[in-house]
Amino acid sequence: MAPGPSPSISEMEAVRWQARGRRGTLDGFAEIDRDAAGIDVGNAQHWVAVPSGRDVESIRMFGCFTADLHAIANWLERCGITSVAMESTGVYWIALYEVLESRGFQVCVVNARQAKNLPGRKTDVKDRQCLQQLHTYGLLTASFRPQGEIIILRRYLRHRETLVQEAATYIQRIQKALTEMNLQLANVVSDISGTTGLRILHAIVEGERDPQRLAAMRDWRIKATPDEVAKSLLGNWRDELIFVLGENLVLFEVYQQKIERCDHRIEQHLKSMSVQVDNNTNPLPKPRKGKRPHGKSPSFDLRSELYRVTGTGLTQIDGINVVTAQAILADTGTDMSA
């Protein structure tokens, strides 16, 4: 008779963990996978536990170098292991996960909180044995990990997010310098990193001090009048603050270049992903009214690329713009059934 469904981790709080010598048993539970191993992942060493009787030692310690990761895979193969549960914090598990997955093991990363509160775990040895045995009984839930091409996209997007945040830091420093000079440009221009703001900032750094000439650089879309812009640009022109403003402006533009390079990588990767729909036979629906392009959107046609790889117009959903849709794709993948 096939075993019934495994109990959830919340039900495990009532399970008795009994320490019997070097081994433990979970009374009343069937072994789901007898070829399961557990790995306690660290930044400098990894502890691997296999079922008793598979080798002279059922628990071994390995290093974290690439050769050590392959040694772990070799030992698991010799021990007849097919499935591995890894308990880790941070990103230390990623390299080991990729090695084991490439060697054909079924790998699941589990949240350390799932098993840490079970009674009877008094030593590191029992901790590692516990992880292996819980996996044997099917009592651990694997964390979601999307397919490989989505992981690559996620890394690009998270790097881009970091670049955007760093660029915003330099805008804040520019704003601080302007405020100290009592140049109230931000009160008449909603975004000083936009077309008008950057024109005026560059002119200030290059030596222009006439408020009327600076105001004449405003874009026609700015609602404030030239006189209002000029009035906001009457301040105390302090040389040290002009220097600080210029240095931060240069650094901001460096990050803008880095963002453009990252956008190019994202575009190329999206084009390499599997096509779910042909734009020629099934054109992309028109944007919903009132949906303006997001200010932090990539420079290429992200909406069309997302439609091509997902097969659906995610931006047709209320409250979902291209940046949000891209973030959803990077975290869930194209198969959202999970």
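Residues numbered from 1 in each chain as written. Predicted model: local features only at pLDDT ≥ 70, side-chain atom pairs only at ≥ 80, totals over all residues. Heavy atoms only, no water.

> I'd like to hear about the packing of helix H1 (residues 66–78) against helix H2 (residues 93–102), residue by residue, with values.
Between H1 and H2, the shortest axis-to-axis distance is 9 Å and the interhelical angle comes to 45°. Comparing their axes, H2 and H1 come out oblique. In the crossing of H1 with H2, the sense of the turn from one axis to the other is right-handed. Of H2, the residues touching H1 (which contributes Leu69, His70, Ile72, Ala73 and Leu76) are Ala95, Leu96, Val99 and Leu100. Broken down by class, the residue content of the contact of H1 with H2 amounts to eight nonpolar, one polar and no charged. (Axes fitted to C-alpha atoms, helices over the stretch in contact; angles between N-to-C directions. Helix = DSSP H or I, 4+ residues; strand = E, 2+ residues; numbered from the N terminus. Parallel < 35°, antiparallel > 145°, perpendicular 65-115°, else oblique. Left-handed = near helix turned anticlockwise from the far one by under 90°. Contact = heavy atoms within 4.5 Å. Nonpolar A, V, L, I, M, F, W, Y, C, P; charged D, E, K, R; others polar.)

> For the nonpolar core, give the residues involved together with the corresponding values.
Membership of the largest hydrophobic core comes to 48 residues, with the highest contact counts inside it found for Ile174, Leu178 and Leu270. Only helix H4 (148–180), helix H5 (195–205), helix H6 (211–215), helix H7 (226–232), helix H8 (239–272), helix H9 (302–310) and helix H10 (322–332) provide two or more residues apiece to this core. Ile174 has contacts with Ile192, Leu201, Leu245, Asn248 and Leu249, leaving out every residue within four places of it along the chain. Ile39, Val50, Trp93 and Phe105 belong to the second largest nonpolar core, which has 23 residues in total. (Core = buried A, V, L, I, M, F, W, Y, C linked by side-chain atoms within 4.5 Å. Buried < 20%, exposed > 50% of the residue type's maximum accessible area, 1.4 Å probe, protein only.)

> An account of the sheet that holds strand E7 (residues 106–110) is requested, with residue identities and associated values reported.
What the five strands build is an open sheet, ordered E5-E4-E3-E6-E7; its pairing is mixed. A strand with exactly one partner marks an edge of an open sheet, and here the two such strands are strand E5 (59–63) and E7. Between one strand axis and the next, the sheet turns through 25° on average, direction left out of account. Across five bridges, strand E3 (residues 36–41) lies against strand E6 (residues 83–87) in parallel orientation. Looking at the pairing, Ala36 lines up with Ser83 of E6. Together, E3, strand E4 (45–49), E5 and E6 form the strand contacts of H1, whose direction differs from that of E5 by roughly 155°. (Pairing = 2+ DSSP bridges.)

> Talk me through the confidence of the model for the chain; I want residue IDs and the actual numbers.
In the predicted model, the chain carries a mean pLDDT of 83, and the fraction of residues at 70 or more is 84%. Within the chain, the lowest mean pLDDT, 37, falls on strand E1 (residues 17–20), and the highest, 97, falls on H1. In this model, residues 1–24 is a region of pLDDT below 50 whose contacts with residues beyond four sequence positions or in other chains number 36 contacts. (pLDDT = per-residue confidence, 0-100.)

> Give me the lowdown on the packing of aromatic side chains, citing residues and values where you can.
Taken as a whole, this structure holds three aromatic pairs when the rule is applied. Seen in terms of ring centroids, Phe62 and Trp75 are 5.9 Å apart; in terms of plane orientation they differ by 45°. Their pairing is tilted. Taken together, the residues Phe62 in strand E5 and Trp75 in helix H1 connect sequence positions 13 residues apart. Per residue, the accessibility class of Phe62 equals that of Trp75, and both read buried. (Phe/Tyr/Trp six-rings, centres within 6.5 Å; stacked < 30°, edge-to-face > 60°.)

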